[in-house]
Every structure is written in structure tokens, then in C-alpha cells.
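# Chain and residue survey
Next come the chains, spelled out residue by residue.
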Amino acid sequence: MRCAAAARSLLPLPLPPAGAAPIHTSGPPLAAELDAGDALHALLSTLPPSLPALLPSLSLLSRCLTPHSVADALLCAALPPASRLRLFLFSALSPRLRSPLLHSRAVVPILLATDADAAMYDAVADAQAAGLRPPAAAFEALVFAHASAGRHHEAVEAFSRMEGEFGCRPTAFVYNAVLRVLVDSGVVPVALALYNRMVTTGCPPNRATYNVLMDGLCKRGTAADALKLFDEMLERGIAPDVKTHTVLLSSMCNAGQLKAAENLLQSMKDQGCPPDEVAYNAFLSGLCKAGRVDEAIQQLEVLRGTGDFVLGLKVYSCLIDGLFHAGRYDEGFQRYREMLEQTEVSPDVVLYTVMIRGCAEAGRIEDAFVFLDEMKEKGFTPDTFCFNTLLKALCDVGDLDGARSLMSEMAQNNVVLDTATHTIMICGLCKKRLVDEALQVFDEMGKVGCPPTVMTYNALINGLYRARRLEEARMLFYKMEMGNNPSLFLRLTLGANQVRNSESLQKLVDSMCQSGQVLKAYKLLRGIIDSGVVPDVVTYNTLINGLCKVRNLDGALKLFKDLQLKGFTPDEITYGTLIDRLLRTRRENDAMMLFQDMLQSGGTPSLSIYNSMMRSLCRKNKLSQAINLWFDHLLKKYNLSAEDEVIASARKKFDDGSLDEAVRELIKIDQEHGSVNSSPYTIWLIGLCQARRIDDALKIFRILEEFGIDVTPACCSHLTKYLCWERNLNAAVDVMLYTLSKRFIMSQPVGNRLLRSLCICHRRKDAQALAWRMHLVGYDMDAYLRESTKDEDGTSEEFLSILNEESS
């Protein structure tokens, strides 16, 4: 009765003028607060859920309310949700009644339990009708509620309607909430565009803003962009916290920038922001993934010595995983035993999965299943990732029956068979050329709602090409490219706003966000993601390689152009595959055009590509071009300038005709950088032989021998043949003796030509001595010598009789 009376006493109050601010007073005494709380409950129970009806009484009652009494009413499930939302809007406009507690504990559950959009939007419209401006807190709550429920689309829509429909300016908190939603949705370009809008509209970003964006960029693999944001954060005078540093640290470690990560750790200590266990784990994990396990162990001992770091489960998991990655399985198992015997640390699902993978990679499949059984006995439920680890191990060793059985066990135990499960099985089946069964697994994926990844498609396309089912491979590629929404692909690649690469896409998204079309930009990117699997460079490489193998080079070149038009950057494998096939079919001009295209696009040709190009040029008697090509390679490889003293000296000697001296200088350059490779010099040697420049070829041979660089059997074969033609038999014998010292077994024509030439020149004893040396190395002289050599003055009989006498 007292509550009802309190409510009735508040009803007659007049409605305040439109736009009037709520009354702000200091907090009430406890007794007054309790009375006001009762009155508030009665008020919300009796009056209709309309802010114009509630506002007069709420304005008067606000003098006796506190954030706690308001929160108590908001949490009361007996009160109408619509009335509670209007109370929330009213309290959000009062600095004294505002509290984060109202968002986290009270408002979000209301929105999650009701029709969030309709209920809150009605309340906001009601506030506008009462002459109040819609508070940003309403949209903060909407975004947070939708994000909590995984309704990312609705969260972005709430943000878009906030300013566009209700004229409410977003706060940094709202921006940050939406940025987190965008990053979690995988549309980082939209998040970056929204950040640009945030800055240009005068809403200053804070530490949370940068933490969200840098986390998204790091997970996307673009550490350089994250570092740029970090620098911008410092320029704005925003001090990074431990989370900021840890995000960057993880990114640096994943990118292999371990020295920079170590410097960042030290910087954190110097700035009074000591690294926590997560940061140290990230650094140790980075060392292990880079194969620097010994350094990780050393760092770990240093940390343990300071007394500030406890060796826990995460560090053990990280260290054991690193040892397994380095192939040091025995040490990994020893660390596991040490953990069990010397500490109170017990393995969890993650560590059990690491151990299972280690056993599988070490070929100890039975031990892996023992760990699985032990895991179950200790009450842990193996997850999909754990089962996938075992499934991959079985497929890798070709035990497809075991893999099929494991998949059945997963299904029986209600373990989710995800995309990775099906992809692993498809890869295993394709390796065994069971493409039809792999296609059946692929069809099952669609039925159970597992979207195939680019790896799934790549495995199937490669399997179809290996089975010579080219047309099916092409159709699968087109299905992959178009996905479920072919019109989207056409819309993005045609018309005024063409999107052919990530840069143009980012510009389009940024333009949309700047004009307030955030929801449209979000839908665009999600449409691209959901429309199908975007082929990657590996997909194109698989197709190009397949076309090359069936000698359809024109089709491969057309696909290469399509790849570039779609905004992809061909990699070393793409160029290498095409250039190699073009050169094999004597299409040197096309190969050279492709090589120049690679250089102009900023690509770095591999050593194999340079070797292929130089061989082609040497075959066409263009030795000078081949050598100049190598000079260009060295400039890129060692980051030298054309004016570098050593390079300039070598080039001058080459231009002056002193090729041997130029080669000597080039080898010294390689030695200084610790990377001596014989391939260019052996290619030139063969080219010189083919150009009948035998003296120059012999000089290169002598220089390589002097520097202890192995000369290939092909070089020795060419050099021996041409030296015999030139009747330079002493040099030819020296080359043959070199091959014998290296245990090379030369083809029959090479040795025959030399032995025959020695006999013709009346040097039978030299021929016999050489034949004996060849016999000691492993030549079967009776089978090796040709009849023409055997018939020459009974030479063969003399050779064989001497050999038989020596053997006896």
C-alpha cells in the first residue's frame, strides 16, 4: 500500500518542457533511497510503458535515486521490459545515475531476453517524442548485446542507425564496440575505414581503439600495419598498456621479428610496464616456432632465475611444442616427463593434443592413441582439433582405413566433423589417387554445412589434374571462384567502381564509411567472404602446373593473366613453372617477357629461375647476356649498388675480356657473404664449350677447382669432349682424373672418346693407366669400351689383360 501511495503521489506532476535536462542532486539518505526504490517499482508497474507518461514522475523521483536503486529496478524481471528500457534511457541522460553497471548487469540481459531491436528502438523513439535526445548509451547497449549473442550484422546496423536515423553522435566506447565486432567478423578493412571516420569526425581514439585494431591486424598477418598504428598511438600521446605490448609482441614473433620482440620486452620493463605471463609466453613461443628452441630454454632459465616467473602449463606446452617442431622429439618427451615428475602441473587438452601431434610426427602412432586414451581416462573430452591431429597422422602414413575408422568414432561420440576434418580426409584420399571418394567427402561437406576452404579446393583440383580429369578440375575452379553468389563477383569487377585488388577494395570501403554507409560496407565484405572461397595463388599455381604438364602453355598463360586481373600477385612458383616450361619448348622470347614482368612487378626471381634463363641464353650463344643477368641477381641478393667497388671491378674485368678474373672476383663476393653457389659458373662453362671457347671454359674449371667448388659431371663431360676435339689431351686427362677423384661415373661416349684419342695419338700407356684408374673407381671396362675402341690395334685386349693381371 505504501508503494502504491508513493506512486500515486507522483502521478499529478506536470510534464517538463521538451529538452529539459533531468534534475541533478547529491545522493539521498539511505531511508529516502529505500522509499524511492519502492516508489520506482510501483511506478514502473502501474504506469504505461511510455516515456512521456513516466517522465514527470521519474524527474521528481530522480532526486532520491542512485545508480544502485536504478540497477535494482532494471534487474527486476517482474517489471515490464519496455518500462525498464525507458528507465534506462532516462538514467543514461543523468550523469549522477549513469554507471557501467547499468550496461553490463542490467540492460544487456533485457535486450537478450526480448526483441532487442524493436524494444530499444521503440524506447529511443519514445524518448525523442518526449523531447529528449537519444543517449549514446542506448546504442552502446544494443551493439554490446548483439555482439554478445554473435549477431554481428545487427550490431553494425544499430551503429549505422544511431547517427543516420536518430542523429546521435557515437562516443569512443561505441566506436570501440563496433570495431571489435568488425574485427571478430573478419572484415578488418571496414574496421580501418571506420577508424578513419572516427578520427575525421573529431572523436579521439583511445587505447582500447588501438588495441582492437592492432589485434585485428596482427591476426590478419599484417604486422607492419599494426606497427604503424602503434607509432600513431604514441604520437597522440596515448600510453600503451601490457595488452597493447603483448598484441604487438605476438605479431612480431609470428612474423619472425624476434630481435624486435626482444627489444620490445626490454622497452616494456624500462617504461614501467612489466611483461606478464602472456607476453613471456608469446616471446618464448615465437622463439620455438622460429626453431630457436635453445634460445627459448636459455631465456626460460633466466626468467626462472629472477623469481618473477613460474614455469607453468602454458610454458611447458609452448616448449614441448617447439621441440617437436624442431624435430627434437626425445627432448620433448623428456620435458613432458619432467613436468609430471618434478612439478604439480597436470596436462590439459592443449598439451595432450601437442603430445599426440608429436607422437604422430615421430611415427609413433600407437603412442599417440595411448595419449588419447589417457586423456579420456582423466576426464578430458578430446575436441575436434585433437581428433584432426590423429586423422592427419593416419592420412600422412597412408593408413586410410584407420582414418575412416577414426572419422566414424568421431561421429559416434558426437565430435563435430568440421571443415578441417573433411579437408584432411580429402587430402589423404587425393594423395592415394582416390579422387572419386574424395569428391564424395566433398559433397558430404555441403550436406552437413561445412564450408570448404581454399585448401579443400586446392587438394581436389590437384587430385583431378593428377588423374588427368582436366575438365572436372576447371569446373571445380569456376565453382570455387563464383561460390553461391556469382552476381556479386560480376558486380565487383565491372562498372565504374571496379574492385580488382585489396587496395581498390579498401578505397571503396573507406569511401562508404566516410559517407556513413557503414552497414553497406559491412554487407559488401561479408558478401565477398560468404559468396564462396576465393582462390589463392596456390590454386592458380596448381592449375597452371596442370596445364603445363599437358603442354597447354597457351591456356596456362591465359590463366596467368586472369590471375593478375583478379588482383593476385604471382609468386616465385607461378613464374618459375611457366618460365621453365616455356624454355623447355624453346619459347625463349615468351619466357624472357615473363621474366621481365616479374622484375617490373617487384618480384625477386629465385636462383632456379636465373639458372633456367642463363641456360637458355647460353644455348642461343648469348653468354654475355647470361653473365650480365647474374650481375643483376647479385645486386638484388646482397642489396648492393652497381657502383659497389667489388661489383664494379668484376664487371670491368668482364667487359675487358678477362672472364676468368671476373669469375674470381664474383666467387670472392659470394665467400664474403657466406653463400657460394657453383651453378652460374658451371652453366657458363658449358656455354663456353658450346661456343667453342674451350680455353676460357678450362680457365673457369681451374678457378673452381682452386676454390674447392665442385664442378658438375655435366661440365666435366662437355669439357672432356671438346678438349678431345681440340686435341688438348693433357687437359682432358686432368678433367677425367678430377671426375675419378669425385667418384663420378661418366657416360660411355666420354671416356671412350678420350681413350680412343690417346690411342690414336700413340699414348697407349697413358690410356692403359687411365683405364686402370677408371676400373678402380668402379667402371666395368669390358662393358664400358665400345667395339671401335676395342678393335683399335688390340687396345682393349691389352687393357683387359693388364687389368686381369693386376687383379690377380
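Note that the structure is predicted; figures quoted are calculated from it, not measured.

Here we come to the environment of Asn545. For Asn545, the position within the fold is in helix H31 (residues 537-549). For the pair Asn545 and Asn462, spaced 83 residues apart in the sequence, the C-alpha separation amounts to 9.3 Å.

Right, let's talk about the confidence of the model for the protein chain for a bit. For the protein chain, mean pLDDT is 78; residues scoring 70 or higher make up 85% of the total. Contacts for the low-pLDDT stretch residues 1-33, under 50 throughout, to residues beyond four places or in other chains number 54 contacts. Confidence over residues 484-496 falls short of pLDDT 50; this stretch has 19 contacts with residues more than four positions distant or in other chains.

This brings us to the side chain of Ser160. Relative to the elements of secondary structure, Ser160 occurs in helix H9 (residues 152-164). If we skip the residues at most four places from it in the chain, Ser160 touches Val518 and Leu519.

So, on to the pattern of salt bridges. For side chains of opposite charge, pairing can occur when their charged atoms come near one another. Within the structure shown, the criterion is met by 32 salt bridges. The closest approach of N and O atoms between Arg584 and Asp580, which form a salt bridge, is 3.2 Å. With Arg584 and Asp580 both in helix H33 (residues 572-584) and four residues apart, this pair spans about one turn of that helix. The class of Arg584 is exposed, set by a relative accessible area of 57%. You can call Asp580 partly exposed: its relative accessible area is 26%.

The final tally for this structure, using the stated rule, is 16 aromatic pairs. With 6.0 Å between their ring centres and 10 degrees between their planes, Tyr121 and Phe166 make a pair best called stacked. Remark: Phe166 occurs in the loop between H9 and helix H10 (172-184) and Tyr121 occurs in helix H7 (residues 116-129); sequence separation between them is 45 residues. In terms of burial, Tyr121 and Phe166 fall into one category: buried. Taken together, the ring pairs connect Tyr336, Tyr352, Phe371 and Phe380 into an aromatic cluster. Sitting over the face of the ring of Tyr121, Arg161 holds its NZ or CZ atom 3.8 Å from the ring centroid. When the ring centre of Phe631 is taken as origin, the NZ or CZ atom of Arg651, which lies over that ring, is 4.5 Å away.

Conventions used here
Residues numbered from 1 in each chain as written. Predicted model: local features only at pLDDT ≥ 70, side-chain atom pairs only at ≥ 80, totals over all residues. Heavy atoms only, no water. Helix = DSSP H or I, 4+ residues; strand = E, 2+ residues; numbered from the N terminus. pLDDT = per-residue confidence, 0-100. Contact = heavy atoms within 4.5 Å. Salt bridge = Lys/Arg side-chain N within 4 Å of Asp/Glu carboxyl O. Buried < 20%, exposed > 50% of the residue type's maximum accessible area, 1.4 Å probe, protein only. Phe/Tyr/Trp six-rings, centres within 6.5 Å; stacked < 30°, edge-to-face > 60°. Lys NZ or Arg CZ within 6 Å of the ring centre and 35° of its normal.

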